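As a plain string of letters, each chain reads:
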Amino acid sequence: MPDHDFRSVAAVIVDREVNTRRLLRGILARLGVDKILDFASAADAPAALIAIQPDLLFIDADAPDPEGLKFVQGLRHAQAPLNPFIGVIATTWQPTQPLLLRFNATGADDMMVKPFSAKQVQDRLVNLIEARKNFVVTADYIGPDRRRQPREGIQIPLFEVPNTLRLKASGQFDRNRTAEAIADSLEAINIQKVVRAGFQVAFLIDFACPGLMIGGDRMAADHLIRAGVALEDLMRRLKPDNDLRGQAEYYAATIRATLEQFRSAPDRPLMGVQPLRAAAIGISALTSRRVDLTAVENDVRGAVTAYRNRLAQIAQAKAEQQQQAADKDGESEKPAG
């Protein structure tokens, strides 16, 4: 393992437990990190993050509310005024399944279980330097690619984002070049977010349409509302000078009008489903710059079909578990002998 020089690395620790902050400060200091700030809450950190411009963030995942993990998600989506590509390590006393699900959705790089040793911290840093995963961008996620297999639909590219921890630890950091690389990566991710948001709008609307046609389908309603959220994120990302903006506004007007119609009478069958679906396919084709609408529609339908199959499998497994539990209860209630 090559030697790494951590003297120019800046780190921030956010943890409600003072002993954890003290432990991490000591470990990082012994590794050579000489610029360390720590806070009890993510709410206290933003101003200092601007000043120190950290390369590494340790964040408490066990706060009473999920403010730490929410902060990481906002950071990855460039909602905080600092480099969104810094290395992030979440810390927890107990990696429960619900916590792991929230962690996976945030875009953090790694998780470390307390109590941890100096060796564990060093190993995490070395992994971030030598084997950091490339980033993936979906409609609602930006962060390390954790996929075990490709997702349905259009191919999703990977991004090797700027890694200031690696650059500083290897003596290759140049402030101006790094700033340019961060700006370039943000622009590339924004372009991909537009593509993914367009596909997400089409996916959610195509899934919702059958239920909307009969009315009173709560799952269909939920998916239509989510499509509206994805649409507005997409339109925010299309700058006024973007060549896609005018046509996107045309499709967006149809989708927004349908949303207004739905909100006025959410339990009634929705009229105008076909124009809604056509607008959704159109905006997906537009944002991905594909001219073959049939191919786009096939990709969307394929993703929706796979999603419905997964939902059916989950429902079947749940029903089988309930039946097994009922059978077991019935057996236990039989009289002895």
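Check the entry above for the structure.
Residues numbered from 1 in each chain as written. Predicted model: local features only at pLDDT ≥ 70, side-chain atom pairs only at ≥ 80, totals over all residues. Heavy atoms only, no water.

### Some words on the sheet that holds strand β5 (residues 110–113)
Backbone-to-backbone hydrogen bonds join strands into a sheet, with any given pair of strands oriented parallel or antiparallel. With parallel pairing, the five strands of this open sheet are ordered in space as β2-β1-β3-β4-β5. Pairing within the sheet leaves two strands with one partner each, and these edge strands are β2 (35–39) and β5. The average undirected angle you get between the axes of adjacent strands in this sheet is 20°. As defined by bridge partners, strand β1 (residues 10–14) adjoins β2 across five bridges and the pair is classed as parallel. Counted as the bridge partner of Val12 is Leu37 from β2. The strands that helix α4 (residues 97–106) touches are β4 (87–92) and β5; relative to β5, the one it contacts most, it runs at about 150°. The sheet contacts of helix α5 (residues 118–130) involve β3 (56–60), β4 and β5, and relative to β5 the element is tilted by about 175°. (Pairing = 2+ DSSP bridges. Helix = DSSP H or I, 4+ residues; strand = E, 2+ residues; numbered from the N terminus. Axes fitted to C-alpha atoms, helices over the stretch in contact; angles between N-to-C directions. Contact = heavy atoms within 4.5 Å.)

### A look at the side chain of Thr164
Structurally, Thr164 is set in helix α6 (residues 164–169). The buried category is assigned to Thr164, whose relative accessible area is 5%. Among the polar contacts made by the side chain of Thr164, one reaches the side chain of Asp55 at a distance of 2.7 Å. (Buried < 20%, exposed > 50% of the residue type's maximum accessible area, 1.4 Å probe, protein only. Polar contact = N/O pair within 3.5 Å; in protein donor to acceptor, adjacent residues only side chain to side chain.)

### Some thoughts on the pattern of salt bridges
Under the criterion given, the structure shown has 24 salt bridges. Notably, a salt bridge pairs Arg7 with Asp5, separated by 2.7 Å at the nearest N-O pair. Of the residues examined, Arg7 reaches a relative accessible area of 57% and is grouped as exposed. For Asp5, a relative accessible area of 32% puts it in the partly exposed group. Note that Arg76 is salt-bridged to Asp109, the shortest N-O span being 2.8 Å. Of the two residues, Arg76 is situated in helix α3 (residues 67–76) and Asp109 in the loop between α4 and β5; the sequence distance between them amounts to 33 residues. Take Arg76 and Asp109: they sit in the same class, and that class is buried. (Salt bridge = Lys/Arg side-chain N within 4 Å of Asp/Glu carboxyl O.)

### Overview of the sheet that holds strand β6 (residues 135–137)
As summarised here, the arrangement of the three strands in space is β7-β6-β8, forming an open sheet in which the pairing is antiparallel. Edge positions in the sheet fall to β7 (142–144) and β8 (158–159), since each has one partner strand and no second. Bridging between β6 and β7 involves three bridges; their strand directions are antiparallel. Counterpart to Phe135 in the pairing with β7 is Pro144.

### Topic: unusual backbone geometry
Negative phi is the rule for most residues except glycine; trans is the rule for most peptide bonds. Here the bond from Lys114 into Pro115 is cis, since omega is -10°, no more than 30 degrees from zero. Within the secondary structure layout, Pro115 lies in the loop between β5 and α5. Even without a glycine there, the phi angle at Gln53 is positive, about 45°. Among the structural elements, Gln53 can be located in the loop between α2 (46–52) and β3. Here the phi dihedral of Arg289 falls at roughly 55°; this positive angle occurs in a residue that is not glycine. Note that Arg289 resides in the loop between α10 (273–287) and α11 (293–333).

Shape descriptors only; they carry no functional weight alone.
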